[in-house]
Amino acid sequence: MAETSAEALRTALRAIKDPASGQDIVTAGLVEAIEVRGGLVQTTLLTDRAHAAAMEPVRREAEALLMRQPGVSNATAILTAHKTPPAAAAAHSTAAGVAPGAGQARRAPGGKPALLLPEVKAIVAVASGKGGVGKSTVAVNLAVSLARQGHKVGLLDADIYGPSLPRMVGLNRKPQVRGDKMIPLQAWGLACMSIGFLVDEETAMIWRGPMVMGALEQMMGQVEWGPLDVLVVDMPPGTGDAQLTMAQRVALTGAVIVSTPQDIALIDARRGVRMFEKTKVPVLGLVENMSFYCCPNCGHRADIFGHGGAKAEAVRLGTEFLGEIPLLLDIRTASDAGTPIAASAPESEAAKAYATLAARVWEKLSDATAARASGPRIVID
Ligand code: ADP
């Protein structure tokens, strides 16, 4: 399908009226930016807090109109405030039901929003096609292992609907605010940020798409991450708004897809891989979690869910099999206690499996960063 242009979409948006001025929203200057990536479109509409409620139907109308345009497979419209609210106030307005200012990013020359996190050398998304496969556990232990291997690591919990980072690393404080930025919390050698530090779980659960994206942008743009070697991002399960935001707003170095050996989960994993390919984010490879069971008493190994599915699938998808993590009770109990096993029992079999995975991911990230510096991004097809 032919790629649509931002200009064509801007013209199409002239069909929508600004309720305040009676002009069309383009003439009224409300259409701040339109980004087009393949068939994926994101636009930001300017508003302020006072008019956010009145603008919500306009936002929806714009989204629906963009979705109908030829060449558009998915469109999102975000309301963005004129002024950047201070981080704490923005977190409050989010909880109160106002879409946070998502367009507070500095503008790059040419009017496009500048990519967030320019000081972070590599950003890796840990994703899965569905929930419950151990994605967050892999993200946390991967991050801890990378830090133990001497890298400066941040961990961003982008799972807005179900943040699990606070529990998994044993943190339940609110981050401090310095100037207009939040300071990430420190645990296990990592700089950590999660929406779970800011609002209670029920609040996050009822957020709609634009709020999720706004909150995500805030956790990247309004957090003092500082220079990092790598930021590990625990993505929400599935292939929705958060994936799109990440793909559009940061220079994702690559994605790691977590799957269990069951076939059904692999079908979902395939969907996860395809989503990243569509957004031109390189897939670094697949990880098989709960790969096999080791009896803690006799050491007997049992492949209770079958074994090797992810490896075979990785070959089929033309991507790499990055490693396997055993199903071990200690992994779960360590996570539940807020003491990730990669840090609390570094000599354990589980910690060694995460360390092997981390070393391979680091190699792949280094390759991908070098490739990006010297030419176009590599996309697996
Ligand atoms: P997701 O992020 O995919 O929803 P989680 O990381 O929250 O999944 O894991 C789901 C549950 O499975 C948690 O209770 C976690 O402790 C447990 N778990 C994850 N990986 C393993 C493993 N390799 N062995 C044992 N339990 C695991």
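Cut-offs applied
Residues numbered from 1 in each chain as written. Predicted model: local features only at pLDDT ≥ 70, side-chain atom pairs only at ≥ 80, totals over all residues. Heavy atoms only, no water. Near = heavy atom within 4 Å. Polar contact = N/O pair within 3.5 Å; in protein donor to acceptor, adjacent residues only side chain to side chain. Areas by Shrake-Rupley, 256 points an atom, 1.4 Å probe, with all protein chains shown as cover. Helix = DSSP H or I, 4+ residues; strand = E, 2+ residues; numbered from the N terminus. Nonpolar A, V, L, I, M, F, W, Y, C, P; charged D, E, K, R; others polar. Contact = heavy atoms within 4.5 Å. Expected span 1.5 Å × (residues − 1). Buried < 20%, exposed > 50% of the residue type's maximum accessible area, 1.4 Å probe, protein only. Pairing = 2+ DSSP bridges.

### Side note on the site of the ligand
In the vicinity of the ligand there are 16 residues, among which Gly-132, Lys-135, Ser-136, Thr-137 and Pro-326 approach most closely. Between an oxygen atom of the ligand and a main-chain N or O atom of Gly-132, the distance comes to 2.8 Å. Between Val-133 and the ligand, the recorded distance is 3.0 Å, taken from a backbone N or O atom to an oxygen atom. In the complex, 82% of the free accessible area of the ligand, which totals 560 Å², lies under the protein chains. The set of elements that each furnish at least two residues to the shell around the ligand consists of helix H4 (135-148), strand E12 (283-294), strand E14 (321-327) and helix H11 (329-336). For the shell around the ligand, the per-class residue count stands at 8 nonpolar, 6 polar and 2 charged.

### Some points on the side chain of Asp-229
On the secondary structure map, Asp-229 appears in strand E10 (residues 228-234). A polar atom in the side chain of Asp-229 sits 3.1 Å from the side chain of Lys-121. Here Lys-152 takes part through its backbone nitrogen, which lies 2.8 Å from a polar atom of the side chain of Asp-229. If we ignore the near neighbours within four places in the chain, the residues touching Asp-229 are Lys-121, Ala-122, His-151, Lys-152 and Trp-362.

### Section: helix H2 (residues 52-68)
Between the first and last C-alpha of H2 there are 24 Å, a value that for 17 residues agrees with the 24 Å anticipated at 1.5 Å per step. When we look at burial in H2, the residues that qualify are Ala-52, Met-55, Glu-56, Val-58, Arg-59, Ala-62, Glu-63, Leu-65 and Leu-66.

### Description of unusual backbone geometry
Despite not being glycine, Leu-117 has its phi angle at roughly 60°, a positive value. According to the relative accessible area criterion, Leu-117 is buried, its value standing at 9%.

### A closer look at the pairing of E10
Side-chain direction in a regular strand flips from residue to residue, so the side chains alternate between the two faces of the sheet. The buried fraction of E10 is high, at 7 of 7 residues. The pairing of strand E4 (residues 120-127) with E10 spans 6 bridges and is classified as parallel. Note on E10: the bridge partner recorded for Ala-125 is Val-233. As defined by bridge partners, strand E5 (residues 153-157) adjoins E10 across 5 bridges and the pair is classed as parallel. Bridge pairing links Gly-154 to Leu-231 in E10.

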